[in-house]
Amino acid sequence: MTPVNPPPLDRTSPPQRTDAWRQPAAGISEGVRVRVLRAVYGDQRAAAELLPRLTERQLTGTDPLPTAPAELAPALLREHRAEIRALPDDTRLLLLLAAADQYPVSTDAFLRAVVAARLDTRCLDAAEAAGIAHAGAGGVAFRDAWTRIAAYETGTPADRRDVHRLLARVLRGEGETPSRSWHRGAGALGPSGRLAAELSAAAGRAADTGRLSVARTLAERAAALCPDPAEQHRLTARAAAYAWRSGDGDRARRLASTAADDALSGVLALRAGNATEAFDALLIGVGVAAPTASDRGASPLAAPPSVAPGAVTPSTSRAATPAASRAATPAASRTATPAASRTATPAASRAATPAASRTATPAASRAATPAASRTAIPAGPRAATPAIPGALTSVTPSTITSPTPATHLLARATEAAIYTGDLRRLREAARVAGRLGVVAPGTLGGLVAAFDGRYADARDLLKSAAGRCGPGGDPTVLIHAAIAALLLGDHTRAATATVRAAASARARGTPVTVPQAMEFRAYADFWTGRPRAGEAAATDALWQAHATGQDNGACHLQAALAMFAALTGDADVCRERAATARSYALARGLGLPAALAQWALAFLDLSSGRFAAAAARLRALAGFGPGHGHRAIRHLATPHYVEAAVRTGDTRVARVAHADYERWAGTVRSPDDLALSARCRALLAPGEEAVDHYRTALDLHSRGTRDFERARTELLFGSTLRRLRRRTEARDRLYSALEAFDSFGAPHCATQARTELRALGTPAAPFRTAPDSPTATLTAQQLLVARMAADGATNREIAARLALSPRTIDHHLRGVFTRLGIRSRIELVRLLAESDEPESG
């Protein structure tokens, strides 16, 4: 019998912590703490009981947490069951019926079942008197999740089967088929191929409508009832895929460990393991999926066909799904395409677009295929494949078809290479795409072309991918569009794509995609000078990444938060977050977050006037290989490196670095990139010659979106004008830069502007404050900590929420008290309340 298991807590509202489990949780990572609380439905007593039961690998996040209630908090469950047993038999039966009706599939059939069985609901008075549950308009409301679990598990197996059969009988509505199938399956005595098929079909329908938690429950129960071991493995793989998409990372990893599917393991490793191993597994999955292509079904991790972007009629598409995996797809969706039509279709017309190719996830391609077929790609398709450049640049609208498991896996492999920073391996992925006749994602083709120095080809491919950012699109399509836009320097489009990706993911019931979208939004927020909004969004996304088991994504977000802290001048936070990100990233070969964290530290040095330290960090970044550094981050940091190198007198290396940056900027024609290139030329030019370059840079900045970099250009220009004794214009430029830095909340950069003004002999403007808002002097991080402290959170609780140390929180609060001129939290509460009054009024 599958135990009742209430759904996870709302992923956007982190649970409140109490003293019950604070001491046991002190030594574990923030990611594990969040997942533990999520696993026990926010109950701190259950969390305190669970922690000592975890293995060392579970405490470090290597292994998934338990999911069965009896494994999570057996003592608490026994206590609740004793309360239930003390109630009258009729009351226990009603509570059992209510629990079976609510979770794991909410069927809303309790009242109908009560009427059909002629049960007396007055028996619930005893439960209400005991504080266990109470009757409401829609049924029974339990005291908490653990009480509901205890109400179900206190019933005998026979009673459980009886209530499930009763609920199945009263569910006759047209849209109630999945609910009826669940109760029929839960009421079964033993294995049944017929019930397993019914549950499998119901799971497919639930997934098509975005009810992924329900789909996971149905597929898992179908696997438990299936008498065929091979089919059972496929159903388990489907359940794991649904669990992952719904945001239940621990359950997905636990199910995947029994499914023995390489491609699924690759997807999970991409977000929570070693990205290099993920790339290998995903590329093998491409080879397994493509040769057995058919039109008979899609991966359970794929978006429903009805919402797949760029889809054409089924007769023109060729879905690359392994034959063995077709059994895991509802029968209605497994209509085979005639062999003749499959062989006569050109390779280009059988592939998916780069963006659409990421909507499928590899559960379908993880079938039980012989090992030999997974180690090599058939030579036939390879021989007829054109050269890689042609295969990667021949995508036209007429070649766009529905996504297939093979194209999806290829796109995921592209993401793995992006995270590791091993862009050379993208050539390997491109060769596989060419040999199999699969159109590669635009990001894959664009990065390969850029790595080969074919910047014009790279620009065209990336522009094509970036253009797929319309509203309502597939979330993964939009994320790839954002990545391409970032590489092109189009931060407005990147921000739009990531916001739409997150909204689309929530609408489709796939919260696992939201944190990944927010990872790339952080870049746009940084460049466009929105540190407060960006930091708040990244902090929330960090919690979501932890809660859904995406530790690699959490590492990337930690590095992004380090970058925001560098911009806002929070040196301690920057160093702490950067150290956390780098230690995790280096252990798992994640070059992207490792490089971003290194850049954050370098920018902190640069904005604080430690030019030699900044140059040393960025020089080291240029020398880091895959897993430690990232070529794209190195490219983005080039303007900062040129500035630091010039300040330390090392112009030779700065010129070499700028030469490649200027070539890329001249190709993509992004106003922001061209402006930064002109700024680099100004820094490298002598005396008066620099003035024209600075004017060119500011003119280009006026057409771009990187407001923060515009302010830095004005600062550098003002400094140059001061040395050239052009006092009036220098003062105007420096005041403009100072005002911008104050508005961005970048005190370190503002201090540099004030220093230049003092050297000019001009009184530096004071820190910008608003008379009706005393909190305007606080940095974004200080304001966040102050508000949490004013809400009553302790330093340790704030540290746990923000993934920082209590010592850092203490440092922030001391800074808050100093800047606001207060001495106690009582004064802080009053001051924040007063500053919020005008907004609420």
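Residues numbered from 1 in each chain as written. Predicted model: local features only at pLDDT ≥ 70, side-chain atom pairs only at ≥ 80, totals over all residues. Heavy atoms only, no water.

Now for the overall build of the chain. If you tally the helices and strands in the chain, you get 46 helices and 2 strands. Burial analysis of the chain (841 residues in total) assigns 60% to the buried set. As presented, the chain carries roughly 30,900 Å² of accessible surface, and 54% of it is formed by carbon and sulfur atoms. (Helix = DSSP H or I, 4+ residues; strand = E, 2+ residues; numbered from the N terminus. Buried < 20%, exposed > 50% of the residue type's maximum accessible area, 1.4 Å probe, protein only. Areas by Shrake-Rupley, 256 points an atom, 1.4 Å probe, with all protein chains shown as cover.)

For the chain, the mean per-residue pLDDT works out to 81, and 81% of the residues sit at or above 70. The low-confidence segment residues 292-298 (pLDDT under 50) makes 33 contacts with residues lying over four places distant or belonging to another chain. (pLDDT = per-residue confidence, 0-100. Contact = heavy atoms within 4.5 Å.)

Tallied over the full model, the rule gives 11 aromatic pairs. Ring centres 5.1 Å apart and planes at 20° place the aromatic pair Y694 and F717 in the stacked group. Of this pair, Y694 sits in helix α39 (residues 689-701) while F717 sits in helix α40 (residues 707-723); the two residues are 23 residues apart in sequence, bridging distant segments of the chain. Just as Y694 is buried, F717 falls in that class too. Considering the side-chain rings of F708 and F744, the 5.8 Å spacing of their centres and the 50° angle between planes classify their relative orientation as tilted. One end of the pair, F708, is in helix α40; the other, F744, is in helix α41 (residues 727-744), and 36 residues separate them in sequence. A single burial state applies to F708 and to F744, both of which are buried. Geometry around Y455 places R663 over its ring, the cationic atom sitting 4.2 Å from the centre. (Phe/Tyr/Trp six-rings, centres within 6.5 Å; stacked < 30°, edge-to-face > 60°. Lys NZ or Arg CZ within 6 Å of the ring centre and 35° of its normal.)

Turning to the environment of A536, a few remarks are in order. On the secondary structure map, A536 appears in helix α30 (residues 531-547). Taking C-alpha positions, A536 is 9.3 Å from L561, a pair spaced 25 residues apart along the chain.

Glancing now at the pairing of strand β1 (residues 133-136). Each regular strand shows side chains that alternate between the opposite faces of the sheet. Sheet topology note: the β1/strand β2 (residues 139-142) ladder contains 4 bridges and is antiparallel. When the bridges of β2 are listed, A133 appears paired with F142. The turn joining β1 and β2, which pair antiparallel and follow one another in sequence, is formed by 2 residues. (Pairing = 2+ DSSP bridges.)

So, about helix α37 (residues 651-668). Here α37 is 18 residues long and its end C-alpha atoms lie 25 Å apart, about the 26 Å a rise of 1.5 Å per residue gives. Buried within α37 are the following residues: A654, H658, Y661, W664, A665, T667 and V668. At its buried positions, α37 is contacted by α25 (442-451), α26 (455-466), α27 (475-487), α35 (631-636), α36 (638-647) and α38 (671-684). Where α37 terminates, the next one or two residues include R669, which has phi positive at roughly 60°. (Expected span 1.5 Å × (residues − 1).)

Ranked by size, the top nonpolar core spans 189 residues in total, and within it L410, W599, I633, F741 and L828 carry the most contacts. Examining the composition of this core, we find that 12 residues originate from one element, helix α31 (residues 551-568), more than from any other. The contact partners of F741, leaving out residues within four places of it in the chain, are F708, A711, R712, L715, A746, C749 and A750. Counting residues in each nonpolar core, the second largest holds 48 residues, with I28, L51, C123 and A150 among its members. (Core = buried A, V, L, I, M, F, W, Y, C linked by side-chain atoms within 4.5 Å.)

Moving on: the pattern of salt bridges. With the rule as written, the count across this model stands at 43 salt bridges. Here E662 makes a salt bridge to R681, at a shortest N to O gap of 2.5 Å. Of this pair, E662 sits in helix α37 while R681 is found in helix α38, placing the two residues 19 residues apart along the sequence. Where E709 meets R679, a salt bridge forms, and the shortest distance between an N and an O atom there is 2.9 Å. One end of the pair, E709, is in helix α40; the other, R679, is in helix α38, and 30 residues separate them in sequence. For E709, a relative accessible area of 0% corresponds to the buried category. Using a relative accessible area of 0% as the deciding quantity, one classes R679 as buried. (Salt bridge = Lys/Arg side-chain N within 4 Å of Asp/Glu carboxyl O.)

Moving on to the side chain of S670. Along the chain, the position of S670 falls in the loop between α37 and α38. Beyond its immediate sequence surroundings of up to four residues, S670 is in contact with L488, G489 and A665.

Turning our attention to the environment of G210. Examined against the element boundaries, G210 turns out to sit in the loop between α13 (193-208) and α14 (212-225). On the basis of relative accessibility, which here comes to 21%, the residue G210 falls in the partly exposed class. Sequence separation of G210 and R245 is 35 residues, and the distance between their C-alpha atoms is 9.9 Å. Ignoring anything within four residues of it in the chain, the contact list for G210 reads R508 and G509.

With that out of the way, let us pick up helix α15 (residues 229-245). When the terminal C-alpha atoms of α15 are compared, their 25 Å separation across 17 residues agrees well with the 24 Å that a helix rising 1.5 Å per residue should span. α15 sits mainly inside the fold: 13 of its 17 residues count as buried. Backbone geometry just downstream of α15 places G247 in the positive-phi region, at approximately 95°.

Below, the discussion takes up unusual backbone geometry. Between Y103 and the following residue, P104, the backbone shows a cis peptide bond with an omega angle of 5°. Mapped onto the elements of the fold, P104 is located in the loop between α7 (89-102) and α8 (110-117). The phi torsion at D108 lies on the positive side, around 55°, for a residue other than glycine. Here D108 is to be found in the loop between α7 and α8. Of note, the phi angle at R118 is positive, near 55°, even though the residue is not glycine. Along the chain, R118 falls in the loop between α8 and α9 (124-129). The exposure class of R118 is exposed, given its relative accessible area of 77%.

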